[in-house]
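Commentary on secondary and tertiary structure
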Amino acid sequence: MASPKSAYSLRAGVLSYLVPGLGQIYEGRVGKGILFMVCLYGLFFYGMYLGDGKNVHLPNSAGKNPPPVNMPNLLANIYNRPQFAGQFWIGIAAWPAIWQYNKLPVPSEESHPFWHDFEREPPEQELNELQANSDKTWDLAWVYTVIAGALNVLVIYDAVAGPALGIEMESRRPQEAAAWLCWPPAFIGVFPS
């Protein structure tokens, strides 16, 4: 006899953090996992497209704009750009911003200009021009990316806790009461003639 499956799967939660829906695929809920992956990545990368790829970044602005209380640099930078706290939850797709923030090695601008600047903080003048000279697309772009990250928190929870109504759940209603939910002729035999 097979042992019962654990109620929680932390491995599936970690997989769904890394790539939205991957935890559901790992658990065998492939359709649901692919749906989550396509929808959340579609939302996230469409937001990046609207923002010209410059709206997902973690600035190093703690020295220029200190928060009202004393905090470590990383927290101060997140305080100055709280959008990244939401974008972070999309998983691997937000990691290049952390890579760029820590000034880790990237390909040269001449050989790979896209990867050189991918999720790098734009210069302040460029950010000011994007915000001042564009319509509301810039704001809408980061909202899309933040919503994608926030929704992935729910996907992670679904991967950890499992489906809300699993196949193995038993009915909470007696059989006669459940018969009222079916329209003809299931409940006809319940009443005496």
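Since the structure is predicted, the reported quantities are computational estimates derived from the model, not experimental observations. (Residues numbered from 1 in each chain as written. Predicted model: local features only at pLDDT ≥ 70, side-chain atom pairs only at ≥ 80, totals over all residues. Heavy atoms only, no water.)

For the rest of this paragraph, the subject is the overall build of the protein. Broken down by element type, the protein carries ten helices and zero strands. Reading the protein from its N terminus to its C terminus gives the helix and strand order α-α-α-α-α-α-α-α-α-α. Within the protein, the proportion of its 193 residues that are buried is 33%. Pairs at least 24 apart in sequence give 59% of the contacts found in the protein among residues at least 6 apart. (Helix = DSSP H or I, 4+ residues; strand = E, 2+ residues; numbered from the N terminus. Buried < 20%, exposed > 50% of the residue type's maximum accessible area, 1.4 Å probe, protein only. Contact = heavy atoms within 4.5 Å.)

If you check helix α3 (residues 30–50), its first and last C-alpha atoms are 30 Å apart, about what 21 residues at 1.5 Å a residue would give, namely 30 Å. All buried positions along α3 are accounted for by Gly33, Leu40, Tyr41, Phe44, Gly47, Met48 and Leu50. Of the residues flanking the end of α3, it is aspartate 52, one or two places downstream, whose phi is positive at about 55 degrees. (Expected span 1.5 Å × (residues − 1).)

This next bit is on the packing of aromatic side chains. Evaluated as defined, the whole model comprises nine aromatic pairs. Seen in terms of ring centroids, phenylalanine 44 and phenylalanine 45 are 5.3 Å apart; in terms of plane orientation they differ by 85 degrees. Their pairing is edge-to-face. Take phenylalanine 44: its relative accessible area is 0%, and that puts it in the buried class. Aromatic ring contacts, followed pair by pair, group Tyr17, Phe88, Trp89 and Trp95 into a single cluster. (Phe/Tyr/Trp six-rings, centres within 6.5 Å; stacked < 30°, edge-to-face > 60°.)

This part is about the side chain of glutamate 119. Within the element layout of this structure, glutamate 119 appears in the loop between α7 (113–117) and α8 (124–133). Although glutamate 119 is buried, it makes no salt bridge; arginine 81 carries the closest opposite charge, 9.7 Å away. Engagement of the side chain of glutamate 119 in a polar contact is seen with the backbone nitrogen of alanine 97, the distance being 3.0 Å. Apart from residues lying up to four places away in sequence, glutamate 119 is in contact with Phe44, Met48, Gly53, Val56, His57, Ala93, Ala94, Trp95, Pro96, Ala97 and Gln100. (Lys, Arg positive; Asp, Glu negative; His and termini not counted. Salt bridge = Lys/Arg side-chain N within 4 Å of Asp/Glu carboxyl O. Polar contact = N/O pair within 3.5 Å; in protein donor to acceptor, adjacent residues only side chain to side chain.)

With respect to the helices and strands, the residue valine 56 is situated in the loop between α3 and α4 (73–80). With sequence-adjacent residues up to four places away left out, valine 56 is seen in contact with Phe44, Met48, Arg81, Gln87, Ala97, Glu119 and Thr145.

Now for the nonpolar core. What tends to happen in soluble globular proteins is that the nonpolar side chains get buried as a cluster. In this structure, Tyr41, Phe44, Met48, Phe84, Ile90 and Ala93 are the most contacted members of the largest nonpolar core, which totals 16 residues. Where this core is concerned, the elements lending two or more residues are α3, α6 (95–101) and α9 (137–161). Take this core: its biggest share by element is four residues, from α3. Excluding its chain neighbours within four sequence positions, the residues that come into contact with phenylalanine 84 are His57, Leu58, Ala94, Ala97 and Ile98. (Core = buried A, V, L, I, M, F, W, Y, C linked by side-chain atoms within 4.5 Å.)

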